[in-house]
Amino acid sequence: MNSTYIKSKLEQTRGTGAGAPSVYPTRAYAWFMVGVLVFASMVSYIDRQVVAIVVAPMKSYLQVSDSQIGWLYGIFAVFYAVAGVPIAWLADRSSRTKLIGLGVLLWSVVTMLCGVARTFGQVALARIGVGVGEAVLTPSANSLIGDLLPRNKIPLAVSVFMAGSVAGSGIAFIVGGLILSLVQSAGAVELPVVGVVEPWQRVFLYCGCMGLVLVPLFLLLREPRRRNAGTAQETATLQGILAFYRSNRTTLILHHLGFLCLSLMGFGFAFWSVSYFTRVHGLPAATAAQAFGWIYLICGSMASIWTPMLAERLARAGQRDANIKAAMIGGGLAIPFILISQQMPSASWAFVVYIPAMLCVPSPFGLAYGSLPVIAPPAMRAVVTSVFMFVVNLGMLLGPPAAGFFNERLFPQPDGVRYSLSTLTLICGLSGLVLLGLCRKHYARSLQAADELDNTRAAAQ
């Protein structure tokens, strides 16, 4: 972001004749809304991750390969990422709470449709619907949080929101594993209209029901007033968005690609972890899912908090690249723990090493999202978030299929999944650290420019 960009934004601000900045909601209401968004994020990740729990019975029923199962996760990611951009544009111009409510309704219903699908194509179509529905949440939530809390609190609040996704992933494995163990013992059942439903299909049906309780809540929540509502909307035009990206192109390119590499590592590791315990250590899928789920829930949730706390401490010490530096520390620590976990001689020892691994693997991503609203103009936060979401979720698209490809082509032996995950971790993890290391100084400049723009705008008012 350069002085010309700051000057143009200042002129826009003066031209509007806006008054003093509007008052934020009370702290209690702001954090209540963040809590509701966290719960919605948890539910979304339960519906997203359930595929990883039923890999074995789904493969058998649908007669598909590891790569095809991985693409069920990938096809979700494609439409999740692509739909996020137009939805973000809508979120910057309409009621975000009602938009989220409609998204929750859509993803919950189509998750249940996965439970009545009979072919791979039908499951894939339903996963597309899940992707479109869930694409509403993250850009809308980031935009909401930017209007709920002061700017210096946004990275922490966004990281707390992202902790919901990590907790949801853990709960997905716990609840999904529990449901799978219960329905497997009961066997297939016949439902009216639907017909015979296999145990793995019932897992989708039950998980999909959870989100329906959130729909009326979001429709009733009060929409917060947008910050700088009378001025910043002008910067949300295509011209304004392109000007922002041109001014910050090096920062954003290195930021997006660096976190994409860490995303490839993280999604591949999480998706194939249950299969690692079943194939390498011989655990039943339900047992492995529940054990991994508890580690994911507890350690993963803590992972989303300790890095922003570290970033706040670094920022207080005057380090403008604190958000990127703290994310790098978390991602860098994840690499050796993943590698060690895949070489453990028993399931028990593997679970022990999974504890520090899951304290680190999700840790960069709250800051990945939280580092953007503080450098983006208020009226384009949802769009900027959605563009990053498009890029980083290529990790969800490519990470699981890449590990599946390694399983089939490079390491086809029964325990080959451990070598596939190790290979993916080394390639993607180290690449991500290099790119983020290059990003640090450019991010510091962008943040300084954003601070100057805020101060200038405040002085003009």
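Residues numbered from 1 in each chain as written. Predicted model: local features only at pLDDT ≥ 70, side-chain atom pairs only at ≥ 80, totals over all residues. Heavy atoms only, no water.

1. Description of unusual backbone geometry
Trans is the common state for peptide bonds, and a negative phi is the common state for residues other than glycine. Put simply, the rule is: A run of H or I in DSSP counts as a helix once it spans at least four residues, and a run of E counts as a strand once it spans at least two, with each numbered from the N terminus.
One non-glycine residue, Gln63, lies in positive phi territory at about 60°. On the secondary structure map, Gln63 appears in the loop between helix 3 (55–62) and helix 4 (66–91).

2. Let's talk about a nonpolar patch on the surface
Convention followed: For patch detection, residues must exceed 30% relative accessible area and be free of salt bridges, and they are connected within 9 Å for like charges or within 5 Å for nonpolar side chains (Val, Leu, Ile, Met, Phe, Trp, Tyr). Note on areas: Shrake-Rupley with a 1.4 Å probe; residue coverage comes only from the protein chains shown. The term salt bridge refers to a pairing of a side-chain nitrogen on Lys or Arg with a carboxyl oxygen on Asp or Glu at a separation within 4 Å.
Residues Val78, Phe79, Val82, Val85 and Phe390 make up a contiguous nonpolar surface patch of roughly 350 Å² in combined accessible area. The greatest single-element share of the nonpolar patch, amounting to 4 residues, is contributed by helix 4. Looking at the secondary structure, you find Val85 in helix 4.

3. Notes on the environment of Thr97
Convention followed: Only protein chains enter the accessibility calculation, which uses a 1.4 Å probe; a residue whose area is less than 20% of its type maximum is buried, one above 50% is exposed, and one in between is partly exposed. Working rule for contacts: check all heavy atoms of both residues, and any pair within 4.5 Å makes them a contact.
Mapped onto the elements, Thr97 comes out in helix 5 (residues 96–114). Here Thr97 falls in the buried class, since its relative accessible area comes to 1%. On a C-alpha basis, the gap between Thr97 and Ile241 in space is 24 Å, while along the polypeptide they are 144 residues apart. In this view, Thr97 contacts Met33, Leu144, Phe218, Leu221, Arg222 and Glu223; residues no more than four positions away in its chain are not counted.

4. Considering the packing of aromatic side chains
To describe a pair of aromatic rings, you give the distance between the ring centres and the angle between the ring planes. How we decide: Think of it this way: a Phe, Tyr or Trp ring, Trp meaning its six-membered ring, pairs with another when their centres are within 6.5 Å, and the plane angle makes it stacked under 30 degrees, edge-to-face over 60, tilted otherwise. A positively charged side chain is recorded as over a ring if its NZ (Lys) or CZ (Arg) lies within 6 Å of the ring centre. The angle to the ring normal must also be within 35 degrees.
Taken as a whole, this structure holds 17 aromatic pairs when the rule is applied. Judged by centre distance (5.1 Å) and plane angle (55°), the ring pair of Phe277 and Tyr354 falls under tilted. A residue pair is termed long-range when its members are at least 10 positions apart, and Phe277 in helix 12 (residues 249–280) and Tyr354 in helix 15 (residues 347–360) qualify at 77 residues. The exposure class assigned to Phe277 is buried, which follows from its relative accessible area of 0%. Put simply, the rings of Phe269, Tyr276, Phe277, Phe292, Tyr296, Phe351 and Tyr354 pair up and form one aromatic cluster. In this structure, Arg48 packs its charged tip against the face of Tyr80, placed 4.6 Å from the ring centre.

5. Quick look at the environment of Pro412
Within the secondary structure, Pro412 is located in the loop between helix 18 (394–410) and helix 19 (416–460). C-alpha of Pro412 to C-alpha of Ile241: the two residues are 171 residues apart in sequence and 47 Å apart in space.

6. Focus on the nonpolar core
Buried together is how nonpolar side chains tend to be arranged in soluble globular proteins. The condition is simple: In these notes, a set of buried Ala, Val, Leu, Ile, Met, Phe, Trp, Tyr and Cys residues joined through side-chain atoms within 4.5 Å is what counts as a nonpolar core.
Ranked by internal contacts, the top residues of the largest apolar core, which has 145 residues, are Leu37, Phe259 and Met358. Ignoring anything within four residues of it in the chain, the contact list for Phe259 reads Ile324, Ala327, Pro364, Phe365, Ala368, Phe388, Val392 and Leu436.

7. Examining the packing of helix 17 (residues 381–392) against helix 18
The following threshold applies: Axis geometry follows a simple rule: fit a line to the C-alpha atoms, using only the stretch in contact for helices, then measure angles between N-to-C directions, giving values from 0 to 180 degrees. Should an angle fall under 35 degrees it is called roughly parallel, over 145 degrees roughly antiparallel, and 65 to 115 degrees roughly perpendicular, with every other angle called oblique. In this classification, the charged set is Asp, Glu, Lys and Arg, the nonpolar set is Ala, Val, Leu, Ile, Met, Phe, Trp, Tyr, Cys and Pro, and all remaining amino acids, among them Gly, are polar.
One way to put it is that helix 17 packs onto helix 18 with a least axis distance of 4 Å and a crossing angle of 10°. Taken as axis vectors, helix 17 and helix 18 run roughly parallel relative to one another. From helix 17, Phe390, Val391 and Val392 reach across to helix 18, where they touch Leu394, Gly395 and Met396. Here the contact of helix 17 with helix 18 is built from residues that sort into 5 nonpolar, 1 polar and no charged.

8. A few points about the state of the cysteines
Note the cut-off: Sulfur atoms of two cysteines make up a disulfide when they are within 2.5 Å.
For the structure shown, the criterion picks out 0 disulfides. With no disulfide of its own, Cys114 lies 11 Å from the sulfur of Cys207, the closest cysteine sulfur. For Cys114, a relative accessible area of 1% translates into the label buried. The thiol of Cys209 is unpaired, and the distance to the nearest cysteine sulfur, on Cys207, comes to 9.1 Å.

9. Thoughts on the pattern of salt bridges
Evaluation of the coordinates by the stated rule reveals 6 salt bridges. Across the pair Glu134 and Arg48 runs a salt bridge whose closest N-O atoms are separated by 2.9 Å. Within this pair, whereas Glu134 is found in helix 6 (residues 120–134), its partner Arg48 is found in helix 2 (residues 27–53), the two being separated by 86 residues in sequence. Taken as a pair, Glu134 and Arg48 share a single burial class, namely buried. Where Glu312 meets Arg316, a salt bridge forms, and the shortest distance between an N and an O atom there is 4.0 Å. Separated by 4 residues within a single helix, Glu312 and Arg316 lie in helix 13 (residues 285–316), roughly one turn from each other. Its relative accessible area of 66% is what places Arg316 among the exposed residues. Beyond isolated ion pairs, a larger network of salt bridges with shared partners links Arg96, Asp147 and Glu223.

10. Here's the deal with the packing of helix 12 against helix 14 (residues 322–341)
The relative placement of two packed helices is expressed as an angle between their axes plus a distance between the axes. Cut-off, in case you're wondering: The handedness criterion is simple: a crossing whose near helix is rotated anticlockwise from the far helix by less than a right angle is left-handed, and one whose near helix is rotated clockwise is right-handed.
Packing of helix 12 against helix 14 brings their axes to within 12 Å, and their N-to-C directions diverge by 30°. The pairing of helix 12 with helix 14 is recorded here as roughly parallel in orientation. As helix 12 packs across helix 14, the resulting crossing turns out to be left-handed. For the pair formed by helix 12 and helix 14, the contact residues are His255, Phe259, Leu262, Met265, Phe269 and Tyr276 on the first element and Ile324, Ala327, Gly331, Ala334, Ile335, Ile338 and Ser341 on the second. The residue inventory of the contact of helix 12 with helix 14, partitioned by class, reads 10 nonpolar, 3 polar and no charged.

11. Some thoughts on the side chain of Ser420
Its place among the elements puts Ser420 in helix 19. Here Ser420 falls in the buried class, since its relative accessible area comes to 0%. If sequence neighbours within four positions are ignored, Ser420 has contacts with Ala403, Phe406, Asn407 and Phe411.

12. Considerations on helix 15
Side chains that are three or four residues apart share a direction in an α-helix, a result of its 3.6 residues per turn. Stated precisely, the cut-off is as follows: Multiplying 1.5 Å by the helix residue count minus one yields the expected span of that helix. Bending is quantified residue by residue as the angle between axes fitted to the seven-residue window ending at that residue and the seven-residue window starting at it.
Spanning 14 residues, helix 15 covers 20 Å between terminal C-alpha atoms, matching the ideal 20 Å at 1.5 Å per step. Helix geometry: helix 15 is bent most strongly at Tyr354, by close to 30°, with proline Pro356 lying one to four residues after it. Those residues of helix 15 not exposed but buried are Ala347, Ala350, Phe351, Val353, Tyr354, Ala357, Met358 and Cys360. Elements in contact with the buried residues of helix 15: helix 12, helix 13, helix 14 and helix 16 (363–370).

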